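Survey of secondary and tertiary structure
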Amino acid sequence: MLQQTRVAAVIPYYERFLKRFPDAAALACAPEPELLAMWSGLGYYTRARNLQKAARQIVERGGFPASYDAILELAGVGTYTAAAIASIAFELPHAVVDGNVRRVMARLTNDGYVDAQQVADHLLDRRDPARWNQAVMELGATICLPREPRCEECPLSAHCLARKAGTQAELPLKRSKAEPEALARTLLVIRRSGRTLLTPSPRVKGFWDLPEPFPGAKPGATVGEFTHTITHRHYRFTVKEATAREGPKASRWFTAKQRETIPLATTARKALKLYGTL
Ligand code: SF4
């Protein structure tokens, strides 16, 4: 839930989610539309689906796995999460490597191409892997800062090769990022007898959204505009009123009450708010 989101914004989602799905069994048998509705607004919906897959694996296996390899087999769990759970929950000797740890390892060794996992595994304190992992992540988050590392306060400064060489600011090497894509789209608000036409979202699988222009739709006045970002795509949406005899394939009409029970895309929410029906 915390990916690309502030902790304060996540807390109400987290509490609601745990209330509705208090254990793996409850999450495992949840209908997907309800799961997505509970996650709606957090983005990265693959995570919600993976969480449910992992819950099903846990139920099938009769409990949470207690070895690194078995934790790694859970859907959505990569080496970072598996090492974090294995070390913090089960005190197993696995080094966690996140962005903070990668930076600390690159600077300690003064090597922009270093295999951070290998160095961290080598340095790991096997007597207390949980504490070691949390300490290195915290060091990266509070002392070995990306821009201005606070080397005078750093407990590793005597061992740090980048500090010795004065190359802290150049490490770690930057990865080239994909250019964000700017896209313009139109959403149509088509209403009939108090109901609104929705189609399966072309952007977020499993969600309903307002339709984009389709053959047979007659766009009218512009209601407004808003922007919305999904991973590296920056959208500008124009919202228009429209009429149509029939909706496109797979579309359906929903009352306001029905809309509350389905996974409704954030873009539809923003558009309907502009229109004044949310
Ligand atoms: S001495 Fe400076 S660059 Fe080296 S690990 Fe500590 S904070 Fe980071």
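Model, not experiment: these values are computed from the prediction.

The subject of this paragraph is helix H1 (residues 7-20). Taking 1.5 Å as the rise per residue, H1 with 14 residues should run 20 Å; its terminal C-alpha atoms sit 20 Å apart, in good agreement. Along H1, the residues that are buried comprise Val10, Tyr13 and Phe17. Against the buried residues of H1 lie helix H2 (24-28), helix H3 (32-39) and helix H4 (45-61).

Our focus in this paragraph is the pattern of salt bridges. Evaluated as defined, the whole model comprises 11 salt bridges. Across the salt bridge formed by Arg185 and Glu212, the nearest N and O atoms sit 3.9 Å from each other. Of this pair, Arg185 sits in strand S1 (residues 181-192) while Glu212 sits in the loop between strand S3 (208-209) and strand S4 (218-230), and the two are 27 residues apart along the sequence. Note on Arg185: relative accessible area 30%, which makes it partly exposed. Exposure remark for Glu212: the relative accessible area of 25% places this residue in the partly exposed category. Salt bridges sharing partners connect three or more residues here, namely Arg185, Arg203, Asp209 and Glu212.

Looking now at the nonpolar core. Grouped together as the largest cluster of nonpolar side chains are 31 residues, with contacts concentrated most on Val101, Val104, Met105, Ala120, Trp132 and Val136. Of all the secondary structure elements, the ones that give two or more residues to this core are H4, helix H5 (68-72), helix H6 (79-90), helix H7 (99-109), helix H8 (116-123) and helix H9 (129-142). Residue-level mapping places this core at the junction of two domains, with at least three residues from each of domain 1 (7-90) and domain 2 (99-170). Dropping the residues within four chain positions of it, Val101 is found in contact with Val96, Ala120, Val136 and Met137. In terms of nonpolar packing, the next biggest core, distinct from the first, is built from 19 residues, Val10, Phe21, Trp39 and Val204 among them.

The next subject is the domain arrangement of the chain. According to the domain assignment, the chain contains domain 1 (7-90), domain 2 (99-170) and domain 3 (183-275). Distance from the C-alpha centre of domain 1 to the C-alpha centre of domain 2: 30 Å. When the two sides are added together, the surface that domain 1 and domain 2 hide from each other amounts to roughly 350 Å², 67% of it contributed by carbon and sulfur. Summed over the three residues of domain 1 that lose the most area to domain 2, namely Tyr80, Ser87 and Ile88, the buried surface amounts to 85% of that side. The interface formed by domain 1 and domain 2 includes zero salt bridges.

Moving on, we come to the site of the ligand. For the ligand, the full set of nearby residues is Arg107, Ile143, Cys144, Pro149, Cys151, Cys154, Ser157, Cys160 and Gln168. Looking at the shell around the ligand residue by residue, the class counts come to six nonpolar, two polar and one charged.

Criteria and thresholds
- Note on numbering: residues in each chain are counted from 1, in written sequence order.
- In keeping with the predicted nature of the model, local features appear solely for residues at pLDDT of at least 70, side-chain atom pairs appear and are counted solely at 80 or more, and the whole-chain, interface and lining totals rest on all residues.
- Heavy atoms from the whole structure form the basis of all side-chain values; hydrogens and water molecules are not counted.
- The way it works is that DSSP assigns letters per residue, a run of H or I at least four long becomes a helix, a run of E at least two long becomes a strand, and they are numbered from the N terminus.
- For a helix, the expected span equals 1.5 Å multiplied by the residue count minus one.
- Only protein chains enter the accessibility calculation, which uses a 1.4 Å probe; a residue is then buried when its area is under 20% of its type maximum, exposed when over 50%, and partly exposed in between.
- The contact criterion used is simple: two residues touch if any of their non-hydrogen atoms lie within 4.5 Å.
- Each salt bridge in this description consists of a side-chain nitrogen of Lys or Arg and a carboxyl oxygen of Asp or Glu lying within 4 Å of one another.
- Here, nonpolar core refers to any group of buried Ala, Val, Leu, Ile, Met, Phe, Trp, Tyr and Cys residues whose side-chain atoms link them within 4.5 Å.
- Where each domain begins and ends is defined by an automated method or by a domain database.
- Buried area is a sum: the accessible area each of two parts loses on coming together, probed at 1.4 Å, counted once for each and added.
- Here, proximity means that at least one heavy atom of the residue falls within 4 Å of the molecule or strand.
- Amino acids outside the nonpolar list (Ala, Val, Leu, Ile, Met, Phe, Trp, Tyr, Cys, Pro) and the charged list (Asp, Glu, Lys, Arg) are all regarded as polar, and Gly is one of them.

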